[in-house]
Amino acid sequence: MISLILGHKGSGKTKRLVDCVNKAIETSKGNVVCVEKETKLTYDVNYQARLIATDDYEIKGYSSFYGFLAGVCAGNHDITDVLVDATLRIGGRDYSELALFLEKVYELSSAHEKDFVFTISADKEELPESIFNFCTVM
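In this text, all values refer to a predicted model and were calculated from it rather than measured experimentally.

A. A look at the layout of surface pockets. As a volume, the largest pocket reaches approximately 400 Å³. What lines the largest pocket is a set of 21 residues, among which Thr14, Asp85, Ala86, Arg89 and Ser121 lie closest to the centre. Within the residue set of the lining of the largest pocket, elements represented by two or more residues are helix 1 (13–27), helix 3 (87–91) and strand 5 (115–120). Among the residues making up the lining of the largest pocket, the classes are represented as four nonpolar, seven polar and 10 charged. Taken together, Met1, Ser3, Cys20, Lys23, Ala24, Thr27, Asp81, Leu83, Asp115, Phe116, Val117 and Met138 make up the full set of residues lining the second largest pocket.

Put into structure tokens, the structure is as follows:
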């Protein structure tokens, strides 16, 4: 399952994501991973979540971002939830590429039974309609 937290800068997306991370830790029977662009959430996210900054691995663009997420999932089969902050800052603002990326992540999610949550700095109306065929808005 893929869920999206939408809204423009300053609308509280990151706060909602942190709440989702902490809730996932309480309910998960496995591991929870929180991905961010740069290290900012260290003191906000429960210590039991694995916190990864994509800048540490020079992830830029949706192709490398997908490979990174697939590698994280392949490296630990006990991961149940992957929550990502600042999706557009990591992958880019090309919404058609975002749609293709999310479709691939949906296939990854379905094949390996992992839940993904992404924050996206945009309104629903700005995004391609096809995204909502396989993503839900929180």
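B. Representation of the packing of aromatic side chains in the model. Scanning the entire structure with this criterion turns up six aromatic pairs. For the pair tyrosine 106 and phenylalanine 134, a centre-to-centre distance of 5.7 Å together with 40° between the ring planes defines the contact as tilted. Separated by 28 residues along the polypeptide, tyrosine 106 in helix 4 (residues 95–112) and phenylalanine 134 in the loop between strand 5 and strand 6 (135–137) bring together distant segments of the chain. Pairwise contacts between aromatic rings join Tyr62, Phe65, Phe101, Phe116 and Phe118 into one cluster. Lying over the aromatic face of tyrosine 66, lysine 104 brings its terminal NZ or CZ to 4.4 Å of the ring centre. Directly above the aromatic system of phenylalanine 132 lies the positively charged group of lysine 124, at a separation of 5.0 Å from the ring centroid.

C. Main features of the pairing of strand 1 (residues 2–6). Taken across its five residues, strand 1 has five buried, putting it largely inside the fold. In terms of strand pairing, strand 1 meets strand 6 through three bridges, oriented parallel. When the sheet's bridge partners are listed, serine 3 is paired in strand 6 with threonine 136.

The rules behind the values
- Counting restarts for each chain, with residues numbered from 1 along the sequence as it is written.
- It should be noted that, the model being predicted, local features are given only for residues of pLDDT at least 70 and side-chain atom pairs only at 80 or more, the latter also being counted only at that level, while totals for whole chains, interfaces and linings use all residues.
- Only hydrogens and water are removed before side-chain values are computed, so all heavy atoms of the structure are retained for them.
- A 1.4 Å probe that fits into a set of points on a 1 Å grid over the protein atoms alone but cannot get out defines a cavity; an open set with protein on both sides within 12 Å along at least five of seven lines defines a pocket, and lining residues are those with an atom within 4 Å of a point.
- Grid points are joined across faces, edges and corners, and a volume is the space filled by probe spheres set on the points.
- To qualify as a helix, a DSSP run of H or I must reach at least 4 residues; to qualify as a strand, a run of E must reach at least 2; elements of each kind are numbered from the N terminus.
- Only Asp, Glu, Lys and Arg are considered charged, only Ala, Val, Leu, Ile, Met, Phe, Trp, Tyr, Cys and Pro nonpolar, and every remaining residue, Gly among them, polar.
- Only Phe, Tyr and Trp rings are paired, with Trp represented by its six-membered ring, and only when their centres lie within 6.5 Å; those with planes under 30 degrees apart are stacked, over 60 edge-to-face, the remainder tilted.
- We call a charge positioned above a ring when the Lys NZ or Arg CZ atom is no farther than 6 Å from the ring centre and deviates by at most 35 degrees from the ring normal.
- Relative accessibility thresholds used throughout: buried, under 20% of the residue-type maximum; exposed, over 50%; partly exposed, between the two (1.4 Å probe, protein chains only).
- Only when DSSP finds a minimum of two bridges between them are two strands counted as paired.

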